[in-house]
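Coordinate analysis (summary)
For reference, the chains in residue letters:
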Amino acid sequence: MKLIQNRNTILVKLLWFFFMADLIAIFTVNSKVEVVYTFIGFSAIVGLCLLIPLSALILYCKNHAITMYSIITAFYIYIVYLIMSNPSLVNYLFLLLGIMICFFYQDGKLIVLSSIVSILLLGYFYTTQFSLIVESMTKFDVIYFILFIIFSAILYGYYARFTNRLWLKVFSEVKEKEEALHSAQEHFQAFFMYNNDAMVVVDLLGNVINVNPAYERIYGWKKEEILGEFLPSIPRTHIKEARQRFCRVENGERIIGFETVDMCKDGTLIHVEITISPIYDQFGKVIALSEICRDITERKATEELLRQRDKLVLAGEMAAGVAHEVRNPLTSLNGFIQLIHETDSKHRTYTTIMLSELKRINDIVGEFLLLAKPQSLHMEIGLLEKVLSDVTLLFKTEGALNNISISLEPFQEPAYIQGDTNQLKQVFINLLKNSLEAMPNGGKIVITPKTTEDGFVDIFIKDNGVGISKALLSKIQEPFFTTKEKGTGLGLVIIQNILHQHQGSFVIYDSKINEGTTVRVRLPVVNISQ
């Protein structure tokens, strides 16, 4: 029907064109000479009476077949009008134009009907107006014209039938391909728009062509901000490597599961796994690149946690062996030296040093045992503020002696936790002890509690001590790693173990050289109203 509509529009435009051309010819040529260039060479009134309704049908009629039959009917009305009113202007070729117009529609039935009407009109025309045609022709010549019309009708009809089937086949195939293309586009659009992984399409220079909503959610940039810009999620230090990857893909290679680091809009670095594929045009030339980015930051953190757990298991096994092998002879040594210390005043100076060192060894063995042997927990619900107040009070005097102030900021709301009070005190004692040792020239320690919306309470312990370098931050939580002259490297490991048993966590939140360190302890809050 769309094809018929287009043909109707073209044909009516042609009729208007020839009508206007005819009017111009009438006004420009001598009025005594009857000049008609086309088959619409009739008066303006008859022409307008036919063309205006046809134009209205083109604009408002939804049934395009009715418009088609109306155009053919209007043509033959004109021919009849011309034969009746001014036969001297009629040429027998005019009668063939109806068949040609029907052939324009490539409709076999319409061609047959038009041929019958043309034969009837031609017979009538030659019978009644023969003397006006050509004086030298005989009446028997009408037989040749009729045969010509029949032959033309058969030829046009056969051709129309053939081409009509061909067009139907073409349109059917085109429609199927359009539907398949539309379906493929819908599938791709759904995959692109609703994928949880970030997807981005870039040109061969790395400039952004399109991104999906997941990219906006993960990286923070809106699509409108980065269109036409070089992919902003690539850190500056990684741009050279990224361009090398783009060149490899441009040469037809695919990069699958490559792990790297990307940057978010706020400057945060995240671990990602990327897959880059080429996009080809119809000639097989690479015109763009598609990149799928999967955020694996949590997976990396989990892997790191598992590695830390393995180290803790190893540390525990070592601690158990050392503790059993050392504690028994250590007890004997301590007893004999204590006896010498009490009975022999001559060597008391030496025995005092020996007892002090034996006590230090005993403390180290105690830490080993604490790490190796799971402690029985006495879980009870209590106020975290009470635990922190006790620990703060414990260190007040030592802090004052070292010109260090320790302050505990008030809680926004009471935070009840379920845990072993003594174990939790051990956590905060170790952390405050680390802060005190980091400020040999005095300073300030601030303990700030903050309740989160997801059911946890964060305790931030901030000091303005010597700080920790970035090189040491990645190692400082490993077992046996220490920067202290007399440290064991087990303090933070013990903290992690205790917090793990309480479904909590510990992280060094921030640290800068000569500016201080902030650590965060997170514990789940208990809703006592339930």
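All residue numbers refer to position in the chain's written sequence, counted from 1. Only residues with pLDDT of at least 70 are given local features in this predicted model, and only at 80 or more are side-chain atom pairs given and counted; all residues enter the totals for whole chains, interfaces and linings. Computation of side-chain values covers all heavy atoms of the structure but excludes hydrogens and water.

The next point concerns the overall build of the protein. Secondary structure elements follow DSSP: runs of H or I of four or more residues count as helices, runs of E of two or more count as strands, with numbering from the N terminus. Looking only at helices and strands, one finds 16 helices and 12 strands in the protein. The cut-offs for exposure are 20% and 50% of the maximum accessible area for each residue type, with area from a 1.4 Å probe on protein chains only; residues under the lower value are buried, those over the upper are exposed, and the others partly exposed. Considering the protein as a whole, with its 530 residues, one finds that 35% of them fall into the buried category. For the protein, restricting intrachain contacts to residue pairs at least 6 apart in sequence, the fraction spanning at least 24 positions comes to 60%. Surface accessibility in these figures is a Shrake-Rupley result with a 1.4 Å probe; residues are shielded only by whichever protein chains are displayed. For the protein, the accessible surface area stands at approximately 32,100 Å², while carbon and sulfur atoms represent 60% of it. Note on definitions: a residue-residue contact is assigned when non-hydrogen atoms from the two residues lie within 4.5 Å.

With 33 residues, the main nonpolar core has L384, F428, L431, I459, I461 and F506 as its most contacted residues. Where this core is concerned, the elements lending two or more residues are α13 (384-401), β7 (404-408), α14 (421-437), β9 (443-451), β10 (456-463), α16 (491-501), β11 (505-512) and β12 (516-524). Ranked by residue count, the leading element in this core is α14, at 6 residues. By nonpolar core is meant a set of buried Ala, Val, Leu, Ile, Met, Phe, Trp, Tyr and Cys residues that side-chain atoms within 4.5 Å join together.

So, about the packing of α13 against α14. Here α13 crosses α14 at 40°, and the two axes come no closer than 10 Å. Where α13 crosses over α14, the two elements pack in a sense that is right-handed. Taken together, the residues of α14 that come into contact with α13 (itself represented by L384, V387, L388, D390, V391, L394, F395, E398 and G399) are T421, L424, K425, F428, I429, L432, K433 and L436. Classification convention: Asp, Glu, Lys, Arg as charged; Ala, Val, Leu, Ile, Met, Phe, Trp, Tyr, Cys, Pro as nonpolar; all other residues, Gly among them, as polar. Per-class residue counts for the contact of α13 with α14 are 11 nonpolar, 2 polar and 4 charged. Lines fitted to C-alpha atoms define the axes, with helix axes restricted to the stretch in contact, and inter-axis angles between N-to-C directions lie between 0 and 180 degrees. Helix crossings get a hand from a simple test, with the near helix turned counterclockwise from the far one by less than a right angle marking a left-handed crossing and a clockwise turn marking a right-handed one.

Let's shift gears to the sheet that holds β7. When DSSP finds at least two bridges between two strands, those strands are taken to pair. Strand order in the open sheet formed by 5 strands is β7-β9-β10-β12-β11, and the pairing between neighbours is mixed. Each having just a single partner strand, β7 and β11 make up the two edges of the open sheet. In this sheet, neighbouring strand axes are inclined to one another by 15° on average, regardless of whether the strands run parallel or antiparallel. For β10 and β12, the ladder comprises 8 bridges, and the chain directions are antiparallel. Bridged to V457 within β12 is L523. Across the sheet, α13 is in contact with β7, β9, β10 and β12; its angle to β7 comes to roughly 170°. Against the sheet, α14 engages β7, β9, β10, β11 and β12, with an angle of about 25° to β10.

Moving on, we come to the pattern of salt bridges. Note on pairing: side chains with opposite charge can pair once their charged atoms come close. Each reported salt bridge corresponds to a side-chain nitrogen of Lys or Arg within 4 Å of a carboxyl oxygen of Asp or Glu. Scanning all chains against the criterion turns up 9 salt bridges. Between R248 and E253 there is a salt bridge; the shortest N-O distance is 2.8 Å. Overall, R248 belongs to the partly exposed group, its relative accessible area being 37%. Residue classification places E253 among the partly exposed residues on the basis of a relative accessible area of 34%.

The next subject is the pairing of strand β8 (residues 416-419). Covered by surrounding structure in β8 are I417 and G419 only, the residues Y416 and Q418 on the alternate face being uncovered. Bridge count between strand β6 (residues 380-383) and β8: 4 bridges; the pairing is antiparallel. Within the sheet, the bridge partner assigned to I381 lies in β8 and is Q418.

With that settled, consider the confidence of the model for the protein. Confidence per residue, as judged by the predictor, is encoded in pLDDT with a range of 0 to 100. A residue-level look at the protein finds 77% of positions with pLDDT of 70 or above and a mean pLDDT of 77. When mean pLDDT is compared element by element in the protein, β10 scores highest at 91, while helix α6 (residues 130-133) scores lowest at 58. Under a pLDDT of 50 for its full length, residues 30-42 has, in the predicted model, 29 contacts with residues more than four places off or in other chains.

Where strand β3 (residues 255-263) meets strand β4 (residues 269-280), 7 bridges bridge the pair, whose relative direction is antiparallel. Counted as the bridge partner of M263 is L269 from β4. Connecting the antiparallel pair β3 and β4 is a turn made up of 5 residues, with G267 showing a positive phi of about 90°.

Another aspect to go through is the packing of aromatic side chains. A pair of Phe, Tyr and Trp rings is counted when the ring centres sit within 6.5 Å of each other, with Trp represented by its six-membered ring. The angle between the planes then sorts it: under 30 degrees is stacked, over 60 is edge-to-face, the rest tilted. A full pass over the atoms with the stated rule returns 3 aromatic pairs. Considering the side-chain rings of F460 and Y509, the 5.1 Å spacing of their centres and the 75° angle between planes classify their relative orientation as edge-to-face. On the criterion of sequence distance, the pair formed by F460 in strand β10 and Y509 in strand β11 is long-range, its members being 49 residues apart. Judged by its relative accessible area of 16%, F460 falls in the buried class. In this structure, R522 packs its charged tip against the face of F456, placed 5.8 Å from the ring centre. Geometrically, a lysine NZ or arginine CZ counts as sitting over a ring once it is within 6 Å of the ring centre and also within 35 degrees of the ring normal.

Moving on: a nonpolar patch on the surface. On the surface, a nonpolar cluster with roughly 410 Å² of combined accessible area is contributed by L166, W167, V170, F171 and V174. Here W167 lies in helix α7 (residues 141-193). Looking at W167, the relative accessible area reads 37%, which means it is partly exposed. Excluding any residue in a salt bridge, patches collect residues exceeding 30% relative accessible area, merging like charges within 9 Å and nonpolar Val, Leu, Ile, Met, Phe, Trp and Tyr side chains within 5 Å.

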